[in-house]
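Listed below, chain by chain, are the residues.
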Amino acid sequence: MLKTKEKVNKEISYDEIKTVYELPLLDLVFKAQTIHREYQPLNKVQLCTLSNIKSGACPEDCMYCPQSARYDTGIEAYGLLPLEEVLKQARLAKENGATRFCMGAAWRSIPQNDEFEKILILVKEVSRLDMEVCCTLGMLTQEQAYKLKDAGLTAYNHNLDTSKEFYKEIITTRTYEDRLKTINCVSNAGIQVCSGGILGLGEGTKDRIQLIYTLANLNPQPESVPINVLVKVPGTPLQNKDEIEPLELVRAIATSRIFIPKAKVRLSAGRLSMTVELQTLCFLAGANSIFTGEKLLTTDNPSFNADKELFKKLKINPM
Ligand code: SAM
Ligand code: DTB
Ligand code: SF4
């Protein structure tokens, strides 16, 4: 299959990214907003809604995740949801203004059995609702990526989460290389890559810069960069981690906007613990997408109504 996506050849150096990340905050946000205005529609934020189509009992040990079978988090575990249930959720999301529907499954990798066939049907049917369809189902093979593309998948989410060095402290059941391989298969199939990370895992500034460095040097660059703030779920090993300094989030978003100018930068998990002012600063720094709906995958998120209020206050329109 042909690679149709734009390639960037010049490597962006770690030092270049570090210099920008460490600018005086006002210079950094000004630069990010300047680039935002050049590449992105103004005062527009895309609404995406998540559906946890297969919950819990995951064999992986990602220390932040409530869905790992290794931690006792009390979440509801269930197998693949029936088509009608997922479509009901997708229609509701659309009624509430979402233009992208993202289906997540607590799998290490996509199964090779009839469950994959069911996924292909889900993708086909959601795309018929005239929404962008995104999936996050763990690792996949090149062949599965081609089939997902044929079924109408817009994007595949597979986060690098943090720097290559720090990754080992958070996940031991797969490697950073595994993540990059999946991302490469997705890209090869002509599916948009959605890849970002989590702040607040106990990483240092250099890990956040390193993450942005790796994302910005993906070739082609990701079309979508979710920036999550750790939701500390009781029962997970990271339940007592220190809160991230809120302005580090603003710096990470601004730096992603500057070095990955064409991507949607998504202010993802963790908004429930953010003030309206912090979220506003994130939009100013270049975030232009959020997840809407009462739930992310298993954890709480601001309600549709709370977000409608927020947008009204800021005079932001859904994209
Ligand atoms: N199992 C698949 C995988 O790991 O790629 C897909 C689902 S997984 C839940 C999707 C992403 O959610 C993870 O890569 C991680 O970045 C994010 N995530 C999971 N738990 C989180 C938490 N407690 N706080 C913030 N982000 C979280
Ligand atoms: C992403 O980067 N964040 C979303 C989406 N991609 C799949 C998931 C956040 C999950 C937060 C924890 C939970 O609700 O289980
Ligand atoms: Fe499983 Fe994904 Fe959670 Fe890791 S992040 S435990 S792979 S569901």
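Calculation rules
Residues numbered from 1 in each chain as written. Chains lettered and ligands numbered in written order. Predicted model: local features only at pLDDT ≥ 70, side-chain atom pairs only at ≥ 80, totals over all residues. Heavy atoms only, no water. Near = heavy atom within 4 Å. Polar contact = N/O pair within 3.5 Å; in protein donor to acceptor, adjacent residues only side chain to side chain. Areas by Shrake-Rupley, 256 points an atom, 1.4 Å probe, with all protein chains shown as cover. 1 Å grid on protein atoms, 1.4 Å probe; cavity = no way out; pocket = protein on both sides within 12 Å on 5 of 7 lines; lining within 4 Å. Sits in = over half its atoms within 2 Å of the grid points. Points joined across faces, edges and corners; volume = space filled by probe spheres on them. Helix = DSSP H or I, 4+ residues; strand = E, 2+ residues; numbered from the N terminus. Nonpolar A, V, L, I, M, F, W, Y, C, P; charged D, E, K, R; others polar. Buried < 20%, exposed > 50% of the residue type's maximum accessible area, 1.4 Å probe, protein only. Core = buried A, V, L, I, M, F, W, Y, C linked by side-chain atoms within 4.5 Å. Contact = heavy atoms within 4.5 Å. Expected span 1.5 Å × (residues − 1). Arc of directions from axis to C-beta. Pairing = 2+ DSSP bridges.

1. Considering the site of ligand 1
- Around ligand 1, the structure places 18 residues, and the nearest of them are Tyr 64, Asn 159, Asp 161, Arg 179 and Val 231.
- With respect to ligand 1, the side chain of Asp 161 contributes an N or O atom lying 2.8 Å from an oxygen atom.
- Here a nitrogen atom of ligand 1 and a backbone polar atom of Val 231 are 3.0 Å apart.
- Relative to its unbound accessible surface of 560 Å², ligand 1 loses 91% to contact with the protein.

2. A few points about the site of ligand 2
- If you check the shell around ligand 2, you find Leu 50, Pro 66, Thr 136, Asn 157, Asn 159, Pro 226, Asn 228, Phe 291, Leu 296, Leu 297, Thr 298 and Thr 299 and nothing else.
- Asn 228 places a side-chain nitrogen or oxygen 2.8 Å from an oxygen atom of ligand 2.
- Note that an oxygen atom of ligand 2 is positioned 2.7 Å from one of the side-chain N or O atoms of Thr 298.
- Summarising the interface, the protein chains cover 88% of the accessible area of ligand 2, which totals 410 Å² for the free molecule.
- Placement of ligand 2 is best described as lying within the largest cavity.

3. What to know about empty space enclosed by the protein
- Within the structure shown, the criterion is met by 3 cavities of 30 Å³ or more.
- A volume near 890 Å³ is recorded for the largest cavity.
- Looking at the largest cavity, it is lined by 44 residues, and the ones nearest its centre are Tyr 64, Cys 65, Asn 157, Asn 159 and Leu 297.
- In terms of residues, the lining of the largest cavity owes the most to one element, strand 2 (residues 100–105), which gives 4 residues.
- Here the residues of the lining of the largest cavity are counted per class, giving 24 nonpolar, 13 polar and 7 charged.

4. Observations concerning the environment of Lys 164
- Within the fold, Lys 164 resides in helix 6 (residues 164–170).
- Taking relative accessible area as the criterion, Lys 164 reaches 43% and is therefore assigned partly exposed.
- Taking C-alpha positions, Lys 164 is 8.7 Å from Thr 175, a pair spaced 11 residues apart along the chain.

5. A closer look at the nonpolar core
- Tyr 64, Met 103, Ile 119, Leu 148, Tyr 156 and Leu 249 are the most contacted members of the largest nonpolar core, which totals 93 residues.
- Sorting elements by how many residues they give to this core places helix 9 (residues 246–259) first, with 7 residues.
- Ignoring sequence-local partners within four residues, the contact set of Ile 119 consists of Ile 53, Leu 80, Trp 107, Leu 137 and Leu 148.
- Formed by 8 residues, the second largest nonpolar core is a distinct cluster that contains Cys 48, Cys 102, Ala 155 and Phe 291.

6. What about helix 4 (residues 114–127)?
- The end-to-end C-alpha distance of helix 4, which contains 14 residues, comes to 20 Å, matching closely the 20 Å that a straight helix rising 1.5 Å per residue would cover.
- Those residues of helix 4 that sit buried are Phe 116, Ile 119, Leu 120, Leu 122, Val 123 and Val 126. Projected down its long axis, helix 4 carries its buried residues within an arc of 160°, all on one side.
- Among the structural elements, strand 1 (44–54), helix 3 (83–95), strand 2, strand 3 (132–136) and helix 5 (142–151) are those in contact with the buried residues of helix 4.
- Structurally, the start of helix 4 carries an N-cap: the backbone nitrogen of Glu 115 is 2.9 Å from a side-chain oxygen of Asn 113.

7. Here we look at the pairing of strand 1
- Within strand 1, 10 of the 11 residues are buried, which leaves the element mostly enclosed by the surrounding structure.
- Relative to strand 10 (residues 317–318), strand 1 runs parallel, the two being bridged by 2 bridges. Bridged to Val 45 within strand 10 is Pro 318.
- Pairing geometry for strand 1 and strand 2, over 6 bridges, is parallel. Within strand 2, the residue paired with Thr 49 across the bridge is Phe 101.

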